[in-house]
Amino acid sequence: MTIKSLSKISLVLAALATLSACGNTIRGIGQDAANTVNATEAAGRDVARAAQ
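Everything quoted here is computed from the prediction, not taken from an experiment. (Residues numbered from 1 in each chain as written. Predicted model: local features only at pLDDT ≥ 70, side-chain atom pairs only at ≥ 80, totals over all residues. Heavy atoms only, no water.)

The number of helices and strands found in the chain is one helix and zero strands. Computed over C-alpha atoms, the radius of gyration of the chain comes to 23 Å, more than 25% over the 10 Å expected from 2.2 N^0.38 for 52 residues, which places it beyond the range of a compact globule. Seen along its three principal axes, the alpha-carbon backbone of the chain occupies a region of about 75 × 10 × 5 Å. A buried classification covers 0% of the 52 residues belonging to the chain. (Helix = DSSP H or I, 4+ residues; strand = E, 2+ residues; numbered from the N terminus. Rg over C-alpha atoms; globule rule 2.2 N^0.38 Å. Buried < 20%, exposed > 50% of the residue type's maximum accessible area, 1.4 Å probe, protein only.)

Spelled out as structure tokens, the structure:
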């Protein structure tokens, strides 16, 4: 293998690693948003029960 081909392979592997990290981050943001919605709904139910 030449230096040129090793450089190309390294560049592709680095790009794939970066893209996979972004995918995990986006998935985590989605989970955090869902958890926030669930917590807000639960707090609203607690307030409604307390007001009765």
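Picking up where we left off.
Time to look at a nonpolar patch on the surface. Judged by side-chain polarity, Leu-6, Ile-9, Val-12, Leu-13 and Leu-16 come together as a nonpolar surface patch covering roughly 450 Å² of accessible area. Its location among the elements puts Leu-6 in helix 1 (residues 3-51). (Patch = residues over 30% accessible without salt bridge, like charges linked within 9 Å, V, L, I, M, F, W, Y side chains within 5 Å. Areas by Shrake-Rupley, 256 points an atom, 1.4 Å probe, with all protein chains shown as cover. Salt bridge = Lys/Arg side-chain N within 4 Å of Asp/Glu carboxyl O.)

Relative to the helices and strands, Asn-35 resides in helix 1. Judged by its relative accessible area of 49%, Asn-35 is partly exposed. Along the chain, Asn-35 and Val-12 lie 23 residues apart, while their C-alpha atoms are 35 Å from each other.

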